[in-house]
Structures are given as C-alpha cells and as structure tokens.
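# An overview of the molecular structure
One letter stands for each residue in the lines below.
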Amino acid sequence: MTDIEAHSRANGLAARDVAKLARHIFADVRGGIKYKQGLRPYICPFHVLVDYISSNATLLDVGCVAGLFISVLARLGRLQSAVGFDADRAAISAAQNISRALPNSSRIRFEHRDAHEMWPDGLFDVVCLIDVMHHVSPDKQAELITNATEHLAEGGILLYKDMACRPLWRAWANRLHDLLSVGEWIYYAKLDDVIAWARAEGLHLDDRGSMNMLWYRHEWCVFHRL
Ligand SMILES: C[S@@+](CC[C@H](N)C(=O)[O-])C[C@H]1O[C@@H](n2cnc3c(N)ncnc32)[C@H](O)[C@@H]1O
C-alpha cells in the first residue's frame, strides 16, 4: 500500500478525488495553469490537509497560486469565507475567474499581493502556508510565521505545510522540480525551526505529520492560537 492509499483509506478522501474536483474547477481555464492545478493533488496532500479545516471556517491562504485549496474547500462546503493572495499576477487572475462559479462566491476573494508587503485586513479561523516557506529567503522566514500569527483569530489554527529537507535525495528531487518549473533556487526551512518560531509567537503545536507522494516528501504542522 502506498502512503497515499494508507491516508485515503483512513480519511475517506483520496488524492484522486481532489484531482477530480480540481479538473472540474479548472476545466475552463486556458493554458498551463489548468493542467498544473489538475495534477497538483497527486503531489501535494490536500486530501489530508482538508481534514484540518472545520466547517464554516474563515480562511486566509497565503501563496494560493490559482486558488486550488480554497476552491476545493468551497466545493466541500467547509468555508464561511476566504481570502487567497499570491505574488503571481497571472495565477491570481485565473483564481478570480474560477471563483465566480464557486459556492458562496461573494464571500471568496483573491488578491495580487506580496507576502513581504501589506497582508489583507482581518483575523481568520485558519491561516494556510502551503509550500510557500521554501520560496522565502532564510532571513525572512521567521517573519512569515509572525505575520501569519498576527492574522489568526483567537482559537484559530495555522496550517503549515512544506517540503522536507531530508532525505537528501527527495529534497534534491524537489529542488530540481523548482529549478525546472520556475527557475528558482529554494530555501528549505527546518521544521524544528518553524516550530520554534511559532512557539515564540505564542502558538501551541496541535498536530504534525509527514508523507511521501511520488518522490516528494511533505511535512506539516497544525498550530493553535490560544
Ligand atoms: C509551490 S506554490 C504553492 C501554492 C499553493 N499554496 C499550493 O499549495 O498549491 C508557491 C506559491 O507561493 C507564491 N509565493 C512565493 N513567494 C511569495 C510571496 N512573497 N508573496 C506571495 N506569494 C508568494 C508563489 O507565487 C507560488 O504561487
């Protein structure tokens, strides 16, 4: 049994279920975004991460690309409202287009923003940092956790997921992926450092996990604001 099958059997939702939703959501989008978003659920464990989001959540997704995670959660009926932002203008434009067909679309918004500048106003039940940290230079990584914490409502959760820096061959395979797909040199943050930064902001570690999907190794933590 693969890691994916083990998880999907335990939780009910499989990677292929999320991929099917993604293909449906992005069916009318043109170009590479459509195919990348349709395939992403096979290499990113959204089917596991959705189970951390309780229904009726208000959610902020930092580095949301074309809005895949928010759209899937909206289709699953988990969201009261959501804001996603990303520094990639073309991806945000695609997100804005697909969001019109989502349930509760008037409560979902996508914005072109850089996480190193102003964040959207408000406090959220859930702040997501999914595969964003490795795009941030080491001197600004702790600040990302600080900013995310500042946008958490009391009792809210920070859902952090990134690529593992060990084993080395998997970390290098992922590094190669980023070099080939976006021409970018990435910076792995050690999960222990992320946990220390979050604790320094007063967050409590509720849960953590890891899994392999193809050659990618994923690690995640769920922090809770008391
Ligand atoms: C690997 S993708 C992950 C996207 C999405 N969270 C997901 O899991 O499908 C990383 C995203 O982070 C965005 N990103 C990187 N640095 C950023 C920054 N400083 N501000 C906003 N977005 C950023 C990139 O544009 C990219 O869309």
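Throughout, a residue's number is its position along its own chain's written sequence, starting from 1. In keeping with the predicted nature of the model, local features appear solely for residues at pLDDT of at least 70, side-chain atom pairs appear and are counted solely at 80 or more, and the whole-chain, interface and lining totals rest on all residues. Only hydrogens and water are set aside when side-chain values are computed; all heavy atoms of the structure are taken into account.

## A closer look at the side chain of Lys 161
We apply this condition: Per the convention used, a helix needs a DSSP run of H or I reaching at least four residues, while a strand needs a run of E reaching at least two, with both numbered from the N terminus. Pairing of N or O atoms within 3.5 Å defines a polar contact, subject to two protein rules: one partner must be a possible hydrogen donor and the other a possible acceptor, and residues neighboring in sequence count only if both atoms are side-chain atoms. We call two residues in contact when some of their heavy atoms are within 4.5 Å.
By the secondary structure assignment, Lys 161 is in strand E5 (residues 152-163). Side chain to side chain, Lys 161 and Asp 131 meet in a polar contact 2.6 Å long. If we skip the residues at most four places from it in the chain, Lys 161 touches Cys 44, Pro 45, Leu 49, Leu 129, Ile 130, Asp 131, His 218, Glu 219 and Trp 220.

## What to know about the site of the ligand
To be explicit about the condition: Put simply, a residue is near a molecule or strand once any heavy atom of it comes within 4 Å of that molecule or strand. Surface exposure here means Shrake-Rupley accessible area, sampled with a 1.4 Å probe, where a residue is shielded only by the protein chains that are shown. Two kinds of site are reported from a 1 Å grid over the protein atoms alone, namely cavities, where a 1.4 Å probe fits but cannot get out, and pockets, open sets with protein on both sides within 12 Å along at least five of seven lines, and residues are called lining when an atom falls within 4 Å of a point. By definition, a pocket or cavity contains a molecule when more than half of the molecule's atoms lie within 2 Å of the pocket's grid points.
The environment of the ligand is formed by 14 residues, the closest being Arg 40, Gly 63, Val 65, Asp 86 and Ala 115. In the environment of the ligand, an oxygen atom lies 2.6 Å from a nitrogen or oxygen atom belonging to the side chain of Arg 40. The side chain of Asp 86 places a nitrogen or oxygen atom 2.6 Å from an oxygen atom of the ligand. Considering the ligand on its own, with 590 Å² of exposed area, one finds that the protein chains cover 85% of that surface. The site holding the ligand turns out to be the largest pocket.

## So, the pattern of salt bridges
Which entries qualify depends on this criterion: Salt bridge, as used here, is a side-chain nitrogen of Lys or Arg placed within 4 Å of a carboxyl oxygen of Asp or Glu. Exposed residues in this analysis have more than 50% of their type's maximum accessible area, buried residues have under 20%, and partly exposed residues fall in between, with area computed by a 1.4 Å probe over protein chains only.
Evaluation of the coordinates by the stated rule reveals 4 salt bridges. Measuring nitrogen to oxygen at the nearest pair gives 2.6 Å for the salt bridge that ties Arg 109 to Glu 111. Among the residues examined, Arg 109 registers a relative accessible area of 40% and is labelled partly exposed. The residue Lys 161 makes a salt bridge to Asp 131 at a minimum N-O spacing of 2.6 Å. Of this pair, Lys 161 sits in strand E5 while Asp 131 sits in the loop between strand E4 (124-130) and helix H7 (138-150), and the two are 30 residues apart along the sequence.

## Remarks on the packing of H7 against helix H9 (residues 191-200)
Between two packed helices, both the angle of their axes relative to each other and the distance between the axes serve to describe the pair. Basically, it comes down to this: Only the stretch in contact is used when a helix axis is fitted, and all axes are lines through C-alpha atoms; the angle between N-to-C directions ranges over 0 to 180 degrees. Roughly parallel here means an angle under 35 degrees, roughly antiparallel means over 145, roughly perpendicular means 65 to 115, and every remaining angle is called oblique. Each crossing is labelled by how the near helix is turned from the far one, with a counterclockwise turn of less than a right angle marking it left-handed and a clockwise turn marking it right-handed. Three categories are distinguished: nonpolar for Ala, Val, Leu, Ile, Met, Phe, Trp, Tyr, Cys and Pro, charged for Asp, Glu, Lys and Arg, and polar for the others, with Gly belonging to the last.
Close contact between H7 and H9 brings their axes to 9 Å; oriented N to C, the two are set at 45°. The pairing of H7 with H9 is recorded here as oblique in orientation. As H7 runs across H9, the sense of the crossing is right-handed. Here H7 contributes Gln 141, Ala 142 and Ile 145 to the contact with H9, which in turn contributes Val 194, Trp 197 and Ala 198. Of the residues belonging to the contact of H7 with H9, the class tally is 5 nonpolar, 1 polar and no charged.

## Section: the sheet that holds E4
Applied cut-off: Should DSSP find at least two bridges between two strands, the strands are taken to pair.
Sheet architecture is open: 7 strands sit in the order E3-E2-E1-E4-E5-E7-E6, paired in mixed fashion. In the strand order of this sheet, the two ends are held by strand E3 (108-112) and strand E6 (203-213), each with one partner. If you compare each strand with its neighbour and ignore which way they point, the axes differ by 15° on average. Where E6 lies against strand E7 (residues 216-225), 10 bridges are found, and the strand directions are antiparallel. Counterpart to Asp 207 in the pairing with E7 is Val 222. With respect to the sheet, helix H6 (residues 89-99) is in contact with strand E2 (79-86) and E3, its orientation differing from that of E3 by roughly 165°.

## Notes on the packing of aromatic side chains
Filter applied, for reference: Two aromatic rings from Phe, Tyr or Trp, using only the six-membered ring of Trp, form a pair when their centres are within 6.5 Å; if the ring planes differ by under 30 degrees the pair is stacked, by over 60 it is edge-to-face, and anything between is tilted. Cation placement over rings: the criterion is NZ of Lys or CZ of Arg within 6 Å of the ring centroid and within 35° of the ring normal.
With the rule as written, the count across this model stands at 4 aromatic pairs. Taken together, a centroid distance of 5.5 Å and an interplanar angle of 25° make the contact between Phe 46 and Phe 69 stacked. With Phe 46 in helix H4 (residues 46-49) and Phe 69 in helix H5 (residues 68-75), this pair connects stretches of sequence that are 23 residues apart. A relative accessible area of 4% means that Phe 46 is categorised as buried. Its guanidinium or amino end placed over the ring of Trp 172, Arg 175 lies 5.1 Å from that ring's centre, counting from NZ or CZ.

## Things to note about the pairing of E5
Along any regular strand the residues' side chains alternate between the sheet's two faces. Quick reminder of the rule: With the strands pointing away from the viewer, any crossover whose connection runs clockwise from the first strand over the helix to the second is right-handed.
Within E5, 10 of the 12 residues are buried, which leaves the element mostly enclosed by the surrounding structure. Pairing analysis gives 6 bridges linking E4 to E5, with the strands arranged parallel. If you follow Val 127 over to E5, its bridge partner there is Leu 158. Crossover connection from E4 via H7 to parallel E5: handedness right-handed.

## Points about the state of the cysteines
Inclusion rule: In what follows, a disulfide is any cysteine sulfur pair within 2.5 Å.
Per the stated rule, a full pass over the model turns up 0 disulfides. With no disulfide of its own, Cys 128 has Cys 64 as its nearest cysteine by sulfur position, at a separation of 10 Å. Note on Cys 128: relative accessible area 0%, which makes it buried.

Read these as layout, nothing more, since geometry by itself doesn't imply function.
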